[in-house]
2 protein chains.
Amino acid sequence: MSILPVIMCGGAGSRLWPRSRAARPKQFLPLVEESSLLAATAARLGHAGAHLELLAPVIICGDGQEGLVSADMASAGAAPQRIWIEPFGRNTAAVAAIAALEASALAPDTLVLLMPADHHIAGPDAFWQAIGSGLPAAKDGYLVTLGMEPDGPETGYGYVQRGAEIGPGVHAVANFKEKPDAATAAAYLASGDYFWNAGIFLFRADTMIAAFEAHAPAILAACRAAVGAARQDAGGARLDPEAFAPCPSEPVDVAIMEKADRKAVIAPVRAGWSDVGSWDAIAALKDGGVTDEDHVLALDCSNCLIESDGPFIAAIGLKDLVVIATGDSVLIMQRGEAQQVKTIVETLKKRGRRDLL
Amino acid sequence: MSILPVIMCGGAGSRLWPRSRAARPKQFLPLVEESSLLAATAARLGHAGAHLELLAPVIICGDGQEGLVSADMASAGAAPQRIWIEPFGRNTAAVAAIAALEASALAPDTLVLLMPADHHIAGPDAFWQAIGSGLPAAKDGYLVTLGMEPDGPETGYGYVQRGAEIGPGVHAVANFKEKPDAATAAAYLASGDYFWNAGIFLFRADTMIAAFEAHAPAILAACRAAVGAARQDAGGARLDPEAFAPCPSEPVDVAIMEKADRKAVIAPVRAGWSDVGSWDAIAALKDGGVTDEDHVLALDCSNCLIESDGPFIAAIGLKDLVVIATGDSVLIMQRGEAQQVKTIVETLKKRGRRDLL
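Read on for a plain summary of the structure. Computed from a predicted structure; not experimentally measured. Each chain carries its own residue numbering, running from 1 in the written order of its sequence. Each chain gets a letter, beginning with A, and each ligand a number, beginning with 1, in the order they are written. A pLDDT threshold of at least 70 governs which residues receive local features in this predicted model, and a stricter bar of 80 or more applies before side-chain atom pairs are shown or counted, although totals over entire chains, interfaces and linings include all residues. Based on all heavy atoms of the structure, the side-chain values leave hydrogens and waters out of the count.

A few points about the overall build of chain A
Secondary structure summary: chain A contains 11 helices and 18 strands in total. Summarising its shape, the C-alpha atoms of chain A cover approximately 60 × 50 × 40 Å along the three principal directions. With a 1.4 Å probe rolled over the protein chains alone, any residue whose accessible area is under 20% of its type maximum counts as buried; one over 50% counts as exposed, and the rest are partly exposed. Per-residue burial for chain A yields a buried fraction of 54% across its 357 residues. Every residue pair with non-hydrogen atoms within 4.5 Å of one another is taken to be in contact. Long-range contacts, defined as pairs at least 24 residues apart, comprise 69% of the intrachain contacts of chain A with a sequence gap of at least 6. Going along the chain from the N terminus, every DSSP run of H or I of four or more residues is numbered as a helix, and every run of E of two or more is numbered as a strand.

Details of the relation of the copies chain B and chain A
The copies were overlaid with a least-squares fit restricted to C-alpha atoms from residues scoring a pLDDT of at least 70 in each copy. For these two chains of identical sequence, chain B goes onto chain A by a turn of 180° and a shift of 0.0 Å along the axis, with RMSD 0.0 Å. In the structure described here, the two chain copies are related by an operation that fits a two-fold rotation axis. In terms of proximity to the rotation axis, the leading residue of chain B is proline 311 of chain B, whose C-alpha is 4.1 Å off the axis.

Quick look at unusual backbone geometry
Residues and elements named next belong to chain A. With an omega of 10°, the peptide bond running from tryptophan 17 to proline 18 counts as cis. Residue position: proline 18 is located in the loop between strand 1 (3-9) and helix 1 (37-45). In this model, valine 276 sits at a positive phi of 50°, which is unusual for a non-glycine residue. When you line up the elements, valine 276 lands in the loop between strand 13 (273-274) and helix 10 (279-285). At asparagine 303, a position not held by glycine, the phi torsion is positive, near 60°. Residue placement: asparagine 303 occurs in the loop between strand 14 (296-299) and strand 15 (305-308).

Notes on the side chain of aspartate 72 of chain A
Residues and elements named next belong to chain A. Inspection of the secondary structure assignment puts aspartate 72 in helix 2 (residues 66-75). Of the side chains with opposite charge, arginine 24 lies nearest to the buried aspartate 72, which makes no salt bridge, at 4.8 Å. A polar atom in the side chain of aspartate 72 sits 2.6 Å from the side chain of serine 36. The residues contacting aspartate 72, other than those within four sequence positions of it, are Gln27, Phe28, Ser36, Leu38 and Ala39. Only four residue types enter the charge count: Lys and Arg as positive, Asp and Glu as negative, with His and the chain ends excluded. Put simply, a salt bridge is a Lys or Arg side-chain nitrogen that is within 4 Å of an Asp or Glu carboxyl oxygen. In protein, a polar contact requires one atom able to donate a hydrogen and another able to accept it; more generally it is a pair of N or O atoms within 3.5 Å, and residues adjacent in sequence count only if both atoms are side-chain atoms.

A closer look at the pattern of salt bridges
Applying the stated criterion across every chain yields a total of 32 salt bridges over all chains. The residue arginine 21 of chain B makes a salt bridge to aspartate 328 of chain B at a minimum N-O spacing of 2.7 Å. Linking arginine 21 of chain B in the loop between strand 1 (3-8) and helix 1 (37-45) with aspartate 328 of chain B in the loop between strand 17 (321-325) and strand 18 (329-334), this pair joins segments that are 307 residues apart in sequence. On the accessibility criterion, arginine 21 of chain B (14% relative accessible area) is buried. Taking the shortest distance from any N to any O, the salt bridge between aspartate 233 of chain B and arginine 238 of chain B comes out at 2.5 Å. Assessed through its relative accessible area of 26%, aspartate 233 of chain B is described here as partly exposed. Residue class for arginine 238 of chain B comes out buried when judged on its relative accessible area of 16%. Residues joined by salt bridges that share partners form a network here, namely Asp63, Glu66, Arg231, Asp233 and Arg238 of chain A.

Overview of the interface of chain B and chain A
Tallying the contact residues gives 34 residues for chain B and 34 residues for chain A. The three residues of chain B that bury the most area against chain A are Phe312, Ile316 and Ile332 of chain B, which together make up 24% of that side's buried surface. Applying the counting criterion to the chain B and chain A interface returns two salt bridges. Across the salt bridge formed by arginine 351 of chain A and glutamate 293 of chain B, the nearest N and O atoms sit 3.6 Å from each other. Our count for the chain B to chain A interface comes out at 18 residue pairs in polar contact (both at pLDDT 80 or more). Listed by contribution, the elements that provide at least two residues to the side of chain B that touches chain A are strand 14 (296-299), strand 16 (312-316), strand 17, strand 18 and helix 11 (341-350) of chain B. For the side of chain B that touches chain A, the element with the most residues is strand 18 of chain B, which contributes six residues. Within the side of chain B that touches chain A, the residues separate by chemical class into 21 nonpolar, six polar and seven charged. Here the rule is simple: two strands pair whenever DSSP picks up at least two bridges between them. Where strand 18 (residues 329-334) of chain A lies against strand 16 of chain B, five bridges are found, and the strand directions are parallel. Within the sheet, the bridge partner assigned to isoleucine 332 of chain A lies in strand 16 of chain B and is alanine 315 of chain B. As used here, buried area is the combined drop in accessible area, with a 1.4 Å probe, of two parts when they are placed together. Each residue receives one of three labels: charged for Asp, Glu, Lys and Arg, nonpolar for Ala, Val, Leu, Ile, Met, Phe, Trp, Tyr, Cys and Pro, and polar for the others, Gly being one of them.

Some remarks on the packing of helix 3 (residues 91-106) of chain B against helix 6 (residues 205-215) of chain B
Residues and elements named next belong to chain B. In the contact formed by helix 3 and helix 6, the axes pass within 8 Å of each other and the chain directions differ by 135°. In terms of axis orientation, helix 3 runs oblique to helix 6. Regarding helix 3 and helix 6, the two cross each other, and that crossing is left-handed. Counted together, Ala93, Ala96, Ala97, Ala100, Leu101, Ala103 and Ser104 of helix 3 and Ala205, Met208, Ile209 and Phe212 of helix 6 form the full contact between these two elements. Across the contact of helix 3 with helix 6, the residue classes break down as 10 nonpolar, one polar and no charged. Between N-to-C directions, angles span 0 to 180 degrees; the directions come from axes that are lines fitted to C-alpha atoms, helices contributing only their stretch in contact. Throughout, the term roughly parallel applies to angles under 35 degrees, roughly antiparallel to angles over 145, roughly perpendicular to angles from 65 to 115, and oblique to all others. Crossings are assigned a handedness: left-handed for a near helix turned anticlockwise from the far helix by less than a right angle, right-handed for a clockwise turn.

So, the packing of aromatic side chains
The geometry of an aromatic ring pair comes down to the distance between the two centres and the angle between the two planes. Residue and element names in this part refer to chain A. Within 6.5 Å between ring centres, the rings of Phe, Tyr and Trp (the latter by its six-membered ring) count as paired, and their orientation is classed by plane angle as stacked under 30 degrees, edge-to-face over 60, tilted in between. For the coordinates displayed, the defined rule picks out 14 aromatic pairs over all chains. Members of the aromatic cluster, each reached through a chain of ring pairs, are Tyr157, Trp196 and Trp273. Positioned above the aromatic ring of tyrosine 142 is the side chain of arginine 262, whose terminal nitrogen or guanidinium carbon lies 4.4 Å from the ring centre. A ring is scored as having a charge over it whenever the NZ atom of a lysine or the CZ atom of an arginine sits within 6 Å of its centre and within 35 degrees of its normal.

Observations concerning the pairing of strand 16 (residues 312-316) of chain A
Residue and element names in this part refer to chain A. In terms of burial, strand 16 is largely enclosed, as five of its five residues are buried. Side chains of strand 16 alternate between two faces, with Phe312, Ala314 and Ile316 and Ile313 and Ala315 buried alike. The sheet contact formed by strand 14 and strand 16 spans four bridges and is parallel. Opposite leucine 297, over in strand 16, you have alanine 314 as the bridge partner.

Digging into helix 3 (residues 91-106) of chain A
How far a helix is expected to stretch is found by multiplying one less than its residue total by 1.5 Å. Helix length check: helix 3 of chain A, at 16 residues, gives a terminal C-alpha distance of 24 Å against a target of 22 Å (1.5 Å per residue), a fit within 8%. Listing the buried residues of helix 3 of chain A in full gives Ala93, Ala94, Val95, Ala96, Ala97, Ile98, Ala99, Ala100, Leu101, Glu102 and Ala103 of chain A.

What to know about the pairing of strand 6 (residues 143-148) of chain B
All names here are of chain B. For strand 6, a buried count of six out of six residues is recorded, marking the element as mostly surrounded by other parts of the structure. The side-chain alternation of strand 6 yields two buried faces, one formed by Leu143, Thr145 and Gly147 and the other by Val144, Leu146 and Met148. Bridge analysis of strand 6 against strand 9 (residues 194-204) gives four bridges, and the strand direction is antiparallel. The residue of strand 9 that forms the bridge with valine 144 is leucine 202.

Details of the sheet that holds strand 15 (residues 305-308) of chain B
The strand order across the open sheet built from five strands is 14(A)-16(A)-18(B)-17(B)-15(B), with neighbouring strands paired in mixed fashion. Looking at which strands have only one partner, the edges of the open sheet turn out to be strand 14 of chain A together with strand 15 of chain B. Each adjacent strand pair in this sheet contributes to an overall mean axis angle of 5°, direction not counted. Pairing analysis gives four bridges linking strand 15 of chain B to strand 17 of chain B, with the strands arranged parallel. Note that in strand 17 of chain B the partner of isoleucine 306 of chain B across the bridge is valine 323 of chain B.

A closer look at the environment of arginine 351 of chain A
Along the chain, the position of arginine 351 of chain A falls in the segment after helix 11 (341-350). What arginine 351 of chain A contacts, discounting residues up to four positions off in sequence, is Glu293, Val296 and Leu297 of chain B.

Structural notes on the sheet that holds strand 14 of chain B
On the basis of which strands lie adjacent, the open sheet formed by five strands has the order 15(A)-17(A)-18(A)-16(B)-14(B) and mixed pairing. Looking at the sheet topology across the chains shown, the edges are occupied by strand 15 of chain A together with strand 14 of chain B. The mean inter-strand angle of the sheet, taken between neighbouring strand axes irrespective of direction, is 5°.

What follows is the structure, encoded as structure tokens:
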């Protein structure tokens, strides 16, 4: 039974301004390594091992991003079997439905590995080992999610609580939990039964379609119509905008996972995962001093992330700061304040500064 | 008896990088107000009052700066009677000698008011009142300096200690003191007899020439030769490089003031004076929030100076920082670290980054 990897590539990444921009959002940027997050995600597929029978991946991206997708896939040496182009975003439930419909057209019991384009995974072998351990549950009709082992009381992630073991390294899901406050996160960590919900899913196409029929039929109907009326061109397959417009916009976690009966979590997964969701997350991933002497000179600075692909940055006596400079903008923030970057972007929108977005 | 204002305009201002650059150093920049420091200095002459009989000023600048000088003087509505152009810098003793020679050519007892181009004076009326109170001593053959009333235990300035009163608001100089450490600065402040040595001098031309003959004859001889062989062109009067080259390079404080017998200090002067010597000094002068919405957006920042004429700056959660951005460079420093800016400039020189200097 083969696995169809489906890469969700439609995000805006505004929390990573000023590097992430409307014309080139987060997933197309080399934020952690030398290749972009999408290229790294595509390259990761090459490490799966033949026993997993991975098919060529499907990409679902936003309108206007198809050129960036093709370039990144080519740089990763990965040929997608299809690029789906959304005329506008309808959140991840719609993406999951399109993924299930695409896989179902191959064979109803095709497995889908649905994953975001913009995460970082330091240990791909552990990741694929985890996927392998989830296969029996997925084949058996579970909607399977990945539960990443927490390495701290993180308040920026949703959590999944494991229940009874249903196979080696796989448990029934007891509960999904929203982002917790600090005390709750500490309690989760202490209990050992809570894991970071990575938003990576493994399921049989017919299982997911049945779940949509039960819990979110309007989303499935709109996606089925939009796929049916899609128009193929050189860039990819374009969902029909008129058919797609009425699709409700919901996260797959809310529309399906929280409501489905048979759901499982692979846990603990120890794969060095990060959602690369903020400059704080990137600062945590990138440890160590300044290496880019062409752009940065730092004196007596500690615990700082300082990067520029634009102006030269001279830093003196800084502590716990993040400095990100591009050709036209510089973000300077205290570490721990990364959630405020959205406020910066919203303020720029209000001021009509499209040149900076 | 008329007063010849002589403006020392040859500085490099490297402590104010990245705004101050080789092609346009500190004195030509609007660092405190909307006009440049030189233009503000020239405009200040207009507030002197007719009783002081100020002549049109003389400017002494570096080679290549004559265009900037002319433009700033024009913007201030002040016509210089001469622009002296040094082929290379020989410190302030040489400038004082040239000033004395220039004034002596008008009449040996002409008074000279020698002042830097790059200081800020918030209260020009108090400044001119102080100059007026120093006139009798200067006419009587004293080398007169201005002692600014300290408003804190400043370690960044030299001090002058007053001795016996020799006239209203004018004292003999007891001692000149180098920049003190913090404890010494606090003791100076407590004593009430120590004042900031502003590097502004009032003297009769013949008094200063006699002092040079007694204490620094080599400087006087080189300057006399360089002035004698000067070449006038459209930009100004160019000191002869060959004659000027052997001139010893010394501050006038060291070469003359510390050694002269009859010296006086006008003190206390309460004129809101600053040497605008560092970003810390400018941050202290400029209080209050961000007003340049085109270039800066600051969230939850306190006690920061954030300015840009280049990239857009977004700042989050910063405290006690100075951020200065130009088209090609950004300085980010903790307040109190301004002396390290010189290290930045020296490092850029070592790295061959002339583009940034």
